[in-house]
Amino acid sequence: MDYPASTGFKISAQFLYRAYLGCHALEARKPRLLSALRCSESELRDPGYQLGDDSIARLCAAAQEELNRADVHCAISEQMVPRGFSDLGYSAFFQPSFGDALVQLVAEQQLGGGRPIVRLMPLSSGDRLVWNYDEPVSPDLVHILLGLVYHCGERLAEGRFKTVKAAHFAHPRPEGFRGFPEAGSETPAIACHFNGPSTYLEYHHRVMSRPIESYNPAILKAARQQEAFFSRNRFERQNLAKLTYEYLLYLLDKSGLSLDAAAVTFGMAERTLRRKLVAEGLSYRQLLEQVRRDTCQLYFLEGTRNLSEISAKLGYSELSAFTRAYTCWYGHPPSRDSGNGVALAA
């Protein structure tokens, strides 16, 4: 696994993969998008892969040309809203407050090489979520990320309160930019101001302290435990067991779960990947089962999905396969624990 050197602002491949899938969902062709990104889909699936912020600019330019649309930022960011625990930032929806959720959402996107890129600024005139990165960054990335924050905030509010009052940007208005949400949406567009001294989303007064109805400390604890088990202070970046766990986690409900696909991603023969994982004490099958079991616990703690939905989110093609796996894990079928996450926490 030879990763390219990345200079300037860093974007995790997983964030870019979500943006890439979002463009494809809007009917942009994958070969054209990959050509613009100058990498393969397997590289985008690699949790150890990072790219510069120029990659998101090339992706947006390709999507605009493919879709014949001058402004695609809001549409791409809406497609990137996390919908399950295999998506970056989904656990943020269970934080205690609106502000906590937004900061956590951005932190989980793995942007900027680990340096915090936003901060909360409570003001009497209106709370702000401020861009906290001093070096120049592609406006395309800023618009997609803030669009993602906007859409996730609307989801958290669920119509109970107003969220963003206005968006402010330190750079000039990009050609064709129409704001958040995009033109044609039933939701009125928020005011967008450009060439200002800083970049931030301006929220209505005291929005950041609003409690979140979906707050779930059990999910937050389980998610931290899942992250800590293969934490970076325990394993080196090149450790295959950790990388494979992360790789599988973000692809559970997508594609690429086979050993062969993982081997292609990590740039080695299938038998080499199998041998190296066994040498580290875990087989590929064991890692996949561990990821599924850990993530299954989170879905049961969430308590809002039926067994068929959970099965699909865990990457099972049939409910019967999930039932067999669950029975193997716990000694009884999942129907006994449905709606009762406490049983899984033991």
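My aim in this report is to walk through the structure given alongside it, one point at a time. (Residues numbered from 1 in each chain as written. Predicted model: local features only at pLDDT ≥ 70, side-chain atom pairs only at ≥ 80, totals over all residues. Heavy atoms only, no water.)

Structural notes on empty space enclosed by the protein
Right, on to step 1. Applying the stated criterion to the full structure yields one cavity of 30 Å³ or more.
Right, on to step 2. Considering only enclosed or pocket space, the largest cavity measures out at about 70 Å³ in volume.
Right, on to step 3. Forming the walls of the largest cavity are Gln14, Tyr17, Arg18, Leu44, Arg45, Ser86, Asp87, Leu88, Tyr250, Leu251 and Lys254.
Right, on to step 4. When residues of the lining of the largest cavity are assigned to their parent elements, the largest contribution, three residues, is made by helix α1 (residues 13–25). (1 Å grid on protein atoms, 1.4 Å probe; cavity = no way out; pocket = protein on both sides within 12 Å on 5 of 7 lines; lining within 4 Å. Points joined across faces, edges and corners; volume = space filled by probe spheres on them. Helix = DSSP H or I, 4+ residues; strand = E, 2+ residues; numbered from the N terminus.)

Quick look at the packing of α1 against helix α2 (residues 30–37)
Right, on to step 1. Axis separation between α1 and α2 bottoms out at 10 Å; the angle between their running directions is 145°. Considering only the axes of α1 and α2, their crossing is right-handed. Two secondary-structure elements touch here, α1 through Leu16, Tyr20, Cys23 and His24 and α2 through Lys30, Leu33, Leu34 and Leu37.
Right, on to step 2. A breakdown of the residues in the contact of α1 with α2 according to their chemical character gives six nonpolar, one polar and one charged. (Axes fitted to C-alpha atoms, helices over the stretch in contact; angles between N-to-C directions. Left-handed = near helix turned anticlockwise from the far one by under 90°. Contact = heavy atoms within 4.5 Å. Nonpolar A, V, L, I, M, F, W, Y, C, P; charged D, E, K, R; others polar.)

A few points about the side chain of Asp294
Right, on to step 1. Position of Asp294 relative to the elements: it lies in helix α12 (residues 284–302).
Right, on to step 2. Although buried, Asp294 forms no salt bridge, and the nearest oppositely charged side chain, Arg293, lies 6.2 Å from it.
Right, on to step 3. At a separation of 2.8 Å, a polar atom in the side chain of Asp294 contacts the side chain of Gln290.
Right, on to step 4. When near neighbours in sequence (up to four residues on either side) are disregarded, Asp294 contacts Gln226 and Tyr245. (Buried < 20%, exposed > 50% of the residue type's maximum accessible area, 1.4 Å probe, protein only. Lys, Arg positive; Asp, Glu negative; His and termini not counted. Salt bridge = Lys/Arg side-chain N within 4 Å of Asp/Glu carboxyl O. Polar contact = N/O pair within 3.5 Å; in protein donor to acceptor, adjacent residues only side chain to side chain.)

Looking at the nonpolar core
Right, on to step 1. Counting 115 residues, the largest nonpolar core has Phe15, Tyr203 and Phe322 as its most contacted members.
Right, on to step 2. Among the elements that line this core, the one with the most residues is helix α7 (residues 139–157), at 11 residues.
Right, on to step 3. For Phe15, the residues in contact, after removing those within four places along its chain, are Ile56, Met80, Leu88, Gln109, Leu111, Leu141, Ile144, Leu145 and Leu148. (Core = buried A, V, L, I, M, F, W, Y, C linked by side-chain atoms within 4.5 Å.)

Description of the pattern of salt bridges
Right, on to step 1. What the rule picks out here adds up to 14 salt bridges.
Right, on to step 2. Its salt-bridge partner being Lys165, residue Glu202 comes within 3.8 Å of it at the nearest N-O pair. Remark: Lys165 occurs in strand β5 (residues 164–168) and Glu202 occurs in strand β7 (residues 200–203); sequence separation between them is 37 residues.
Right, on to step 3. Looking at Lys165, the relative accessible area reads 33%, which means it is partly exposed.
Right, on to step 4. Asp253 serves as the salt-bridge partner of Lys254, at 3.0 Å between the closest nitrogen and oxygen.
Right, on to step 5. By relative accessible area, which is 23% here, Lys254 ends up partly exposed.
Right, on to step 6. The exposure class of Asp253 is partly exposed, given its relative accessible area of 26%.
Right, on to step 7. Each member of the salt-bridge network shares a partner with another, and the members are Arg18, Asp87, Asp253, Lys254 and Lys313.

Functional significance is not addressed by these values, which are geometric in nature.
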